[in-house]
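Per-entry structural report
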Amino acid sequence: VQDDLTEFGRMEQEVLSEGGKNKYKQAQYFQRVANTIRSRPLFGFLGARNVMPKYGFPTDVVELRTNHLPTPEASRVELQRDLKIAIAEYAPGGQVVAGGKVWTCGGLHRQTNRDWPKHHYAVCPECGHFHHSLDQQIQGPCKVCGANLFSYKRLYGTFIVPEFGFIVAELPKDSGESRPQRFYATQVFFSEYARTEDGNNLEDDERDQQAELDESLSSSKAQIWKKYSRYGKLALVNPGPLGRGYRVCSSCGFAEPTPLPQESKRKSKKSNEHANPRTGKPCKGYTNTFHLGHEFITDVLELNFTGQLVNSPNSNLWWSVVFSLLEGASQALGIRRDDLNGTLYRKPGSGHIPAVVLFDNVPGGAGHVRRIAQELVLTFQTTYERLDKCECGEETSCYECLRNFRNQPYHDQLQRGLARDFLQQVLQAAGV
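Note that the structure is predicted; figures quoted are calculated from it, not measured. (Residues numbered from 1 in each chain as written. Predicted model: local features only at pLDDT ≥ 70, side-chain atom pairs only at ≥ 80, totals over all residues. Heavy atoms only, no water.)

Across soluble globular proteins, you tend to see nonpolar side chains buried next to one another. Counting residues in each nonpolar core, the largest one holds 44 residues, and the members touching the most others are Leu-64, Trp-103, Phe-130, Phe-166 and Leu-292. Setting aside residues no more than four positions away along its own chain, Leu-292 makes contact with Ile-87, Ala-91, Pro-92, Leu-108, Phe-159, Ile-160, Phe-166, Leu-236, Val-237, Asn-238 and Tyr-246. In terms of nonpolar packing, the next biggest core, distinct from the first, is built from 41 residues, Leu-217, Val-369, Ile-372 and Cys-401 among them. (Core = buried A, V, L, I, M, F, W, Y, C linked by side-chain atoms within 4.5 Å. Buried < 20%, exposed > 50% of the residue type's maximum accessible area, 1.4 Å probe, protein only. Contact = heavy atoms within 4.5 Å.)

Here it is, written out as structure tokens:
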């Protein structure tokens, strides 16, 4: 907390020293964010840092507010979600069905003298490395592979953390047979290792030193290095439809998906005019484009593969390995599949082979990936058997082996045969 407050104080003094009306407004923003940090509940902070169990003290829970609307249903429904889910389900323009009505989100809830933290980010379109900065825009190229960070896919911009919740801006409608509109967050990125109990950061070289060789699965042809931590920081970003973000008013909280250029031309010249989502009255505040995001800390297991069998940078292979290991661990160790998730992570100096990062998809972590680290042989064996017995095509996958609802963005990349053959080679080389 002291580090964050010191950083925002430094940025405030820097812009004030430059002078000018716009710089003064920017300094006021830094003051409001500092107030946000100071005003966070103590239990929530301790839970978010894995000091207290988040099961007992739920944190990162936000509300889609409805009680300002003059309807009986508005005062009866309570719409709350974990922030990881809320930035997708409650995103501006998205719809939720509750109490027989369809509620449409029209903005982000604001609090007096507080503001949303802003984070600059860029995801490399080639290697997928997550670049993040709190105080300045991301500069290219990618520090891992040297690629252009700002090419096609639009995985870059500035995201805000809507930690005060969302707000409905119009009267609810009767639910029909059509499915409500939702804007799903597409991907979770491994950001970094957060501070440990003693307050020190885990630098890259220290993490490598702490990685442990799993001798039960390693051989002269393939080595598996595992690293378990309770302090893995992950980032979830919702870039909006087509990656164009959301227009957000800094005065009233009004928000909507950023329209396409052709749609903007059809609108009035006074396209910045909008209504306050709470009062319905016109607001003259200015809108800026942001993405929605969230960072959280949980238990992670980082697996690095080296050796002559590990020579393919094919992303289809490694995404298939990620989701096959998650399915295999769930089956072998009796863990709910929804309580596990995974991603790929390329760090500077790691070469072209990504690390597989498995993490607990529950508040604060529950030690699931630690069990996987302890039972890695059983996990690999169960995963291989699951892939080998499936009857779908080897060049594709199905809901019996790799696919599920949450990994829909990767369905075209998941190939059962690639993951099965790789796991078979690793197991045979280790004599398991």
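Having put the structure on the table, let's press on.
Turning our attention to unusual backbone geometry. Even without being a glycine, Asn-113 presents a positive backbone phi close to 65°. Tracing the backbone through its elements, the reader meets Asn-113 in the loop between β4 (101–108) and β5 (118–123). Judged by relative accessible area, Asn-113 falls into the exposed class, the value being 54%. Phi is positive for Leu-242, close to 60°, though the residue is something other than glycine. Tracing the backbone shows Leu-242 in the loop between β12 (223–238) and β13 (246–249). The exposure class assigned to Leu-242 is exposed, which follows from its relative accessible area of 67%. (Helix = DSSP H or I, 4+ residues; strand = E, 2+ residues; numbered from the N terminus.)

Let us now look at the packing of aromatic side chains. Taken as a whole and judged by the stated rule, the model has 15 aromatic pairs. Ring centres of Tyr-90 and Phe-166 lie 6.1 Å apart, and the angle between their planes is 75°; this geometry places the pair in the edge-to-face category. Of the two residues, Tyr-90 sits in the loop between α5 (83–89) and β3 (95–98) while Phe-166 sits in strand β8 (residues 166–168), which places them 76 residues apart along the sequence. By relative accessible area, Phe-166 is classed as buried at 0%. Aromatic pair Trp-318 and Phe-422: ring centres 5.3 Å apart, planes at 70°, arrangement edge-to-face. Of this pair, Trp-318 sits in helix α8 (residues 315–333) while Phe-422 sits in helix α11 (residues 416–429), and the two are 104 residues apart along the sequence. Exposure class is identical for Trp-318 and Phe-422. Each is buried. One aromatic cluster is present, built from ring pairs that chain together Tyr-121, Phe-130, Phe-159 and Phe-189. Directly above the ring of Phe-296 sits Lys-84, whose terminal nitrogen or CZ lies 4.8 Å from the centroid. (Phe/Tyr/Trp six-rings, centres within 6.5 Å; stacked < 30°, edge-to-face > 60°. Lys NZ or Arg CZ within 6 Å of the ring centre and 35° of its normal.)

Further remarks concern the pattern of salt bridges. By the definition in use, this model includes 18 salt bridges. In this structure, Lys-347 engages Glu-302 in a salt bridge whose closest nitrogen and oxygen atoms are separated by 3.1 Å. Of the two residues, Lys-347 is situated in the loop between β18 (340–345) and β19 (355–360) and Glu-302 in strand β17 (residues 287–306); the sequence distance between them amounts to 45 residues. For Lys-347, a relative accessible area of 8% gives the class buried. Taking the relative accessible area as the measure of exposure, Glu-302 reaches 2% and is therefore buried. One salt-bridge network, in which partners are shared between bridges, spans Arg-336, Asp-338, Asp-339 and Arg-406. (Salt bridge = Lys/Arg side-chain N within 4 Å of Asp/Glu carboxyl O.)

This next bit is on the pairing of β12. The buried fraction of β12 is high, at 13 of 16 residues. As paired elements, strand β10 (residues 187–193) and β12 share 6 bridges and run antiparallel to each other. Considered in β12, the bridge of Phe-190 is made with Leu-234. Two strands pair when backbone bridges link them, and strand β11 (residues 212–213) and β12 are joined in this way by 2 bridges, in the antiparallel orientation. Across the sheet, Glu-212 pairs through a bridge with Lys-226, a residue of β12. (Pairing = 2+ DSSP bridges.)

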